[in-house]
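Coordinates in review
The chain contents come next:
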Amino acid sequence: VCAVMHADEAPSRAALPQLVSEAVLAIRQNYAELYGAEELSRQLGVSKSHLVRVFAAEMGMGPGHYLTQVRLQAAKLLLAHRPYPLELVASLCGFSGANYFCRVFRRSTGLTPAAWRRANRGACGTPADADALERGLFV
């Protein structure tokens, strides 16, 4: 189960086109505040359609899906190491609310966040990783 923490990490930035590398970095550094692909494309100075096309060709998924995966990765880390209520986990990871977070989480894992937490307490990452995430260093 710990493999989920690093299974979808970005390939070496040197191997990616500059736009995709910048997009991956922006997503991983700002996943909690980033609204979506449209905002990301504005930040990168390209059209949304161009970003989606280039990103999907390189990463095998669109930037919006990648953003959700990064958010879920962060949520799993918090769920494994912090007793925070789901509303706080959702907020810290950039989800609009606990209900939406629970739906997305269950669709992705097949488990509710509470059930996943019970089954994986302490399993993914380390408490230090959770500390870094809370300080905004989750990259």
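Scroll up to find the structure.
Predicted model, so just to flag it, every value in this text is computed and none were measured.

Observations regarding helix α7 (residues 98–109)
Counted at 1.5 Å a residue, the expected span for α7 with its 12 residues is 16 Å, and the 16 Å between its end C-alpha atoms agrees. Of the residues making up α7, those classed as buried are Ala98, Phe101, Val104 and Phe105. What you see down the axis of α7 is that its buried residues fit within an arc of 130 degrees, all on one side. Opposite its buried face, α7 presents the exposed residues Asn99 and Arg107, each directed more than 90 degrees away. On the buried face of α7, the contacting elements are α5 (63–81), α6 (86–92) and α8 (113–120).

Description of the nonpolar core
Note that soluble globular proteins tend to have their nonpolar side chains buried in a common cluster. Counting residues in hydrophobic clusters, the biggest one holds 34 residues, and the most contacted among them are Ile27, Phe55 and Phe101. Residue assignment for this core shows that the elements contributing at least two residues are α2 (18–30), α4 (48–59), α5, α6, α7 and α9 (127–134). Residue contributions to this core peak at 10 residues, all from α5. Dropping the residues within four chain positions of it, Phe101 is found in contact with Ala75, Leu79, Leu86, Val89, Ala90, Phe95 and Pro113.

Re α5
Two residues of an α-helix separated by three or four positions point the same way, owing to the 3.6 residues in each turn. Its 19 residues give α5 an end-to-end C-alpha distance of 27 Å, which sits within 8% of 27 Å, the value for a rise of 1.5 Å per residue. Most of α5 is tucked away: 15 of the 19 residues are buried.

Observations concerning the environment of Ser47
Within the secondary structure, Ser47 is located in the loop between α3 (37–44) and α4. Residues Ser47 and Ala37 lie 10 residues apart in sequence; the distance between their C-alpha atoms is 9.7 Å. Looking at Ser47, its side chain comes within polar contact range of the side chain of Ser49, at 3.3 Å.

Rules used throughout
Within each chain, residue numbers correspond to sequence positions counted from 1 in written order. Per-residue local features of the predicted model are confined to residues with pLDDT of at least 70, and side-chain atom pairs are confined, for both listing and counting, to 80 or more; whole-chain, interface and lining totals are unaffected and use all residues. Note: side-chain values were computed over all heavy atoms of the structure, leaving out hydrogens and water. Counting from the N terminus, the helices are DSSP H or I runs at least four residues long and the strands are E runs at least two residues long. The span expected for a helix works out to 1.5 Å for each residue beyond the first. Per-residue accessibility, obtained with a 1.4 Å probe over protein chains only, is compared with the maximum for each type, and a residue is labelled buried under 20%, exposed over 50%, and partly exposed between these values. An arc is given here, and it is the one of the directions from the helix axis to the C-beta atoms. Every residue pair with non-hydrogen atoms within 4.5 Å of one another is taken to be in contact. For the purposes of this section, nonpolar cores are sets of buried Ala, Val, Leu, Ile, Met, Phe, Trp, Tyr and Cys residues that join through side-chain atoms within 4.5 Å. We call two N or O atoms a polar contact when they sit within 3.5 Å, provided that within protein one can donate a hydrogen and the other can accept it, with sequence-adjacent residues counted only if both atoms are side-chain atoms.

Purely spatial values, then, with no claim about function.
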